[in-house]
Amino acid sequence: MPEPTGNRGTGKAPVGVIGAGWVGLVTAACFAELGHEVYARDVVSEKVEALKRGEVGIHEPGLAELVQRNRDRLHFTTRIEEVLDAARLLFVCVDTPPTYSGDADLSRVRAVVEDLPAASDHVLVMKSTVPPGTGETIRRELGGSGYVSCPEFLKEGTAVEDFMHPDRVVVGAAPEHSASADAVAALYEPLGGEIVRTDISSAEMIKLASNAYLATRISFINEIANVCEEVGADVGEVARGMGLDQRIGPSFLRPGIGFGGSCFPKDVSALKLLAGNSGYHFQLLNSVIEVNELQKRRVVSKLTRHLGSLVGRRIALLGLAFKPETDDMREASSLVLSARLRGEGAEVIAFDPVAMENARDLLPGVEMRDTALEALENADAAVLVTEWPEFREIEWARAAKRMNRPLIIDGRNFLDAELLEASGFVCEGIGRPTGSSGTE
Ligand SMILES: NC(=O)c1ccc[n+]([C@@H]2O[C@H](COP(=O)([O-])OP(=O)(O)OC[C@H]3O[C@@H](n4cnc5c(N)ncnc54)[C@H](O)[C@@H]3O)[C@@H](O)[C@H]2O)c1
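Rules behind the numbers
- Residues numbered from 1 in each chain as written.
- Predicted model: local features only at pLDDT ≥ 70, side-chain atom pairs only at ≥ 80, totals over all residues.
- Heavy atoms only, no water.
- Near = heavy atom within 4 Å.
- Polar contact = N/O pair within 3.5 Å; in protein donor to acceptor, adjacent residues only side chain to side chain.
- Areas by Shrake-Rupley, 256 points an atom, 1.4 Å probe, with all protein chains shown as cover.
- Pairing = 2+ DSSP bridges.
- Helix = DSSP H or I, 4+ residues; strand = E, 2+ residues; numbered from the N terminus.
- Contact = heavy atoms within 4.5 Å.
- Axes fitted to C-alpha atoms, helices over the stretch in contact; angles between N-to-C directions.
- Parallel < 35°, antiparallel > 145°, perpendicular 65-115°, else oblique.
- Left-handed = near helix turned anticlockwise from the far one by under 90°.
- Nonpolar A, V, L, I, M, F, W, Y, C, P; charged D, E, K, R; others polar.
- Expected span 1.5 Å × (residues − 1).
- Buried < 20%, exposed > 50% of the residue type's maximum accessible area, 1.4 Å probe, protein only.
- Salt bridge = Lys/Arg side-chain N within 4 Å of Asp/Glu carboxyl O.
- Phe/Tyr/Trp six-rings, centres within 6.5 Å; stacked < 30°, edge-to-face > 60°.
- Right-handed = clockwise from strand over helix to strand, strands pointing away.

Draft legend 1. How the structure looks around the site of the ligand. Surrounding the ligand, one finds 27 residues, the nearest of these being Val23, Asp42, Lys47, Thr96 and Lys266. Here an oxygen atom of the ligand sits 2.8 Å away from a polar atom, N or O, in the main chain of Val23. The separation between an oxygen atom of the ligand and a polar side-chain atom of Asp42 is 2.6 Å. For the ligand, the protein covers 91% of the area, taking 830 Å² as the surface of the free molecule.

Draft legend 2. Expanded view of the sheet that holds strand 9 (residues 314-318). The parallel open sheet is built from six strands, whose spatial order is 11-10-9-12-13-14. Sheet topology places strand 11 (367-368) and strand 14 (426-428) at the edges, where each strand pairs with a single neighbour. Sheet topology note: the strand 13 (residues 407-410)/strand 14 ladder contains three bridges and is parallel. Among the inter-strand pairings, Ile408 is bridged to a residue of strand 14, identified as Cys427. Helix 13 (residues 333-343) rests against strand 9, strand 10 (347-351) and strand 12 (381-384) of the sheet, and its axis sits at about 175 degrees to strand 9.

Draft legend 3. A look at the packing of helix 9 (residues 200-231) against helix 10 (residues 235-243). With their axes 9 Å apart at the nearest point, helix 9 and helix 10 run at an angle of 135 degrees to one another. Looking at the two axes, helix 9 sits oblique to helix 10. Read as a crossing pair, helix 9 and helix 10 show a hand that is right-handed. Where helix 9 approaches helix 10, its residues Phe220, Ile221, Ile224, Ala225 and Cys228 are matched on the opposing element by Val235, Val238, Ala239 and Met242. Partitioned by chemical class, the residues of the contact of helix 9 with helix 10 number nine nonpolar, no polar and no charged.

Draft legend 4. Main features of helix 11 (residues 264-277). The end-to-end C-alpha separation of helix 11 is 20 Å, in line with the 20 Å expected for 14 residues at 1.5 Å each. Burial analysis of helix 11 places eleven of its 14 residues in the buried class, the great majority of the element. All buried positions along helix 11 are accounted for by Phe264, Pro265, Lys266, Asp267, Val268, Ser269, Ala270, Leu271, Leu273, Leu274 and Ala275. Contacts from the buried residues of helix 11 go to helix 9 and helix 12 (283-307). One or two residues past the end of helix 11 sits Gly279, with phi positive at roughly 100 degrees.

Draft legend 5. Looking closely at the environment of Val300. Its place among the elements puts Val300 in helix 12. Each C-alpha atom, one on Val300 and one on Ile257, is 11 Å from the other, the two residues being 43 residues apart in sequence. With residues up to four places along the chain from it excluded, the contact list for Val300 reads Leu310, Leu337, Arg340, Leu341 and Glu344.

Draft legend 6. The pattern of salt bridges, seen in detail. Going through the model one piece at a time under the given rule, you end up with 35 salt bridges. Between Glu229 and Arg298 there is a salt bridge, with its nearest N and O atoms 2.8 Å apart. Pair noted here: Glu229 is in helix 9 and Arg298 is in helix 12, with a separation of 69 residues, a long-range link. You can call Glu229 buried: its relative accessible area is 16%. A salt bridge links Asp380 to Arg313; the nearest nitrogen and oxygen atoms lie 3.8 Å apart. One end of the pair, Asp380, is in the loop between helix 15 (372-376) and strand 12; the other, Arg313, is in the loop between helix 12 and strand 9, and 67 residues separate them in sequence. Linked through salt bridges whose partners overlap, the residues forming this network are Glu229, Arg298, Lys302, Arg305 and Glu428.

Draft legend 7. Representation of the packing of aromatic side chains. As enumerated under the stated definition, the model contains ten aromatic pairs in all. Aromatic side chains Phe31 and Phe163 sit 5.3 Å apart centroid to centroid with 90 degrees between the ring planes, which places their arrangement in the edge-to-face category. Of this pair, Phe31 sits in helix 1 (residues 22-33) while Phe163 sits in helix 7 (residues 159-164); the two residues are 132 residues apart in sequence, bridging distant segments of the chain. A relative accessible area of 0% means that Phe31 is categorised as buried. Using a relative accessible area of 2% as the deciding quantity, one classes Phe163 as buried. Centroid distance Phe31 to Tyr188: 5.5 Å. Interplanar angle 70 degrees. Geometry classified as edge-to-face. Here Phe31, found in helix 1, pairs with Tyr188, found in helix 8 (residues 178-188); they are 157 residues apart in sequence, far enough to count as distant.

Draft legend 8. Structural detail: the side chain of Asp380. Relative accessible area serves as the criterion here: at 7%, Asp380 is assigned to the buried category. There is a polar contact of 3.0 Å between the side chain of Asp380 and the side chain of Asn404. Not counting residues within four places of it along the chain, the set of residues in contact with Asp380 comprises Leu307, Gly312, Arg313, Arg314, Asn404, Arg405 and Leu407.

Draft legend 9. Broad picture of the pairing of strand 9. Within strand 9, five of the five residues are buried, which leaves the element mostly enclosed by the surrounding structure. What you see with strand 9 is no split at all: Arg314, Ala316 and Leu318 on one side and Ile315 and Leu317 on the other are buried throughout. Handedness of the crossover is the feature at issue here: the chain leaves strand 9, passes through helix 13, returns alongside strand 10, and the resulting connection is right-handed. The pairing of strand 9 with strand 12 spans four bridges and is classified as parallel. Counted as the bridge partner of Ala316 is Ala382 from strand 12.

Draft legend 10. Representation of the sheet that holds strand 4 (residues 89-92) within the structure. The strand order 3-2-1-4-5-6-7-8 describes an open sheet built from eight strands, whose pairing is mixed. Unpaired on one side and paired on the other, strand 3 (74-77) and strand 8 (194-198) mark the two borders of the sheet. Averaged over all pairs of adjacent strands, the angle between strand axes in this sheet comes to 25 degrees, irrespective of strand direction. Where strand 1 (residues 15-18) lies against strand 4, four bridges are found, and the strand directions are parallel. Following the sheet pairing, Gly16 is matched in strand 4 by Leu90. Relative to the sheet, helix 5 (residues 107-115) contacts strand 1, strand 2 (38-41), strand 4 and strand 5 (123-126), its axis offset from that of strand 5 by approximately 165 degrees.

Have a look at this one:
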């Protein structure tokens, strides 16, 4: 194969990216920012055309600016040949959604493998999250090409920052592909995170185990919060006291109405099923999943305790996205919550600063409003679903007057409960003494 043509004399290796979604676009833009020519391919031609015009299409802080600043180095295409001609290292960032069985759907990954010409010396660098064992199978199949597992740990909402300042970069490869692994590690070296070199299956397992562990912490603190409600303790105080223990640490100890998003639910399920398929019953993860499902529904019982039957009640949802600073609705808690509320006969009104466009088709029967105050108009209760900072700035005293009943369930323990109560609200959070700010 002739030498790839893409480096334009910069001395920096050109980079290929397959799949220009959340991970792929961030990867492409960040490598371009680091000075690489980047050739990114997606199969959705409208997406590629928009990207060629510099339109990013997803809400991710800093990403649009990065794409704009590096337009000269970013080349978007639908043609795999263009990427293969230009770059040797191909970062695979295609989606691996759950199938009906809950296993990871690897069909897009398979399509990428099949796109590789026989006897090419390209290196597939797998950033997509795949079950342990997948990479070894592909490596054996590939023959000449190299294979490196390099799982992605970025978080939506801070994806650019996470890519540029990684806690660690995991690079997994078989011994015969150690030169390819060196090349991948070299790309990440300027970013300063510790490089963890390992075999392919361990790299894949690091990714799934990390997400499963974080999800476990969330379900754990949610259960502690639920017990706090029973015994009159304040989970905020409990989490602070726990987190100061260096063996525990403070992160991921925030109770709420359950985790969602494109990664945690599917990765926990994929790990549970992978274990099951290999003959091991991963008992703990069953509970993590079940606790999370129940947590999304607990808001309904909180509302009925205050309002009685929800038939005909008007409930305002503040926030729809699965977390702030994103318009991603994949597995958002708002999907289950709004369906449950509708099922109880409630009228559901919603506002989200950026996710309403994506949410519209997913939330049949839910009415969207242009501002939070409009959503709160004549509502019998509000539920804070996503902790968007701007919700702290709502004029709550004004809101209380516009609502039918100034009741708020703070599903993320995010708002200033004392301020709300001073503004006339009854405010209930998660795992705090019922009906109070938790500060009494
Ligand atoms: N989103 C996250 O926060 C995150 C974080 C870490 C890891 N991951 C993992 O990274 C992978 C990608 O996730 P995402 O959120 O970026 O998905 P995404 O759905 O946003 O993007 C995937 C992109 O790949 C494209 N695609 C599909 N098949 C293709 C093919 N054969 N050739 C070229 N393009 C193709 C799709 O059109 C889409 O644009 C998944 O495995 C996910 O689990 C995601």
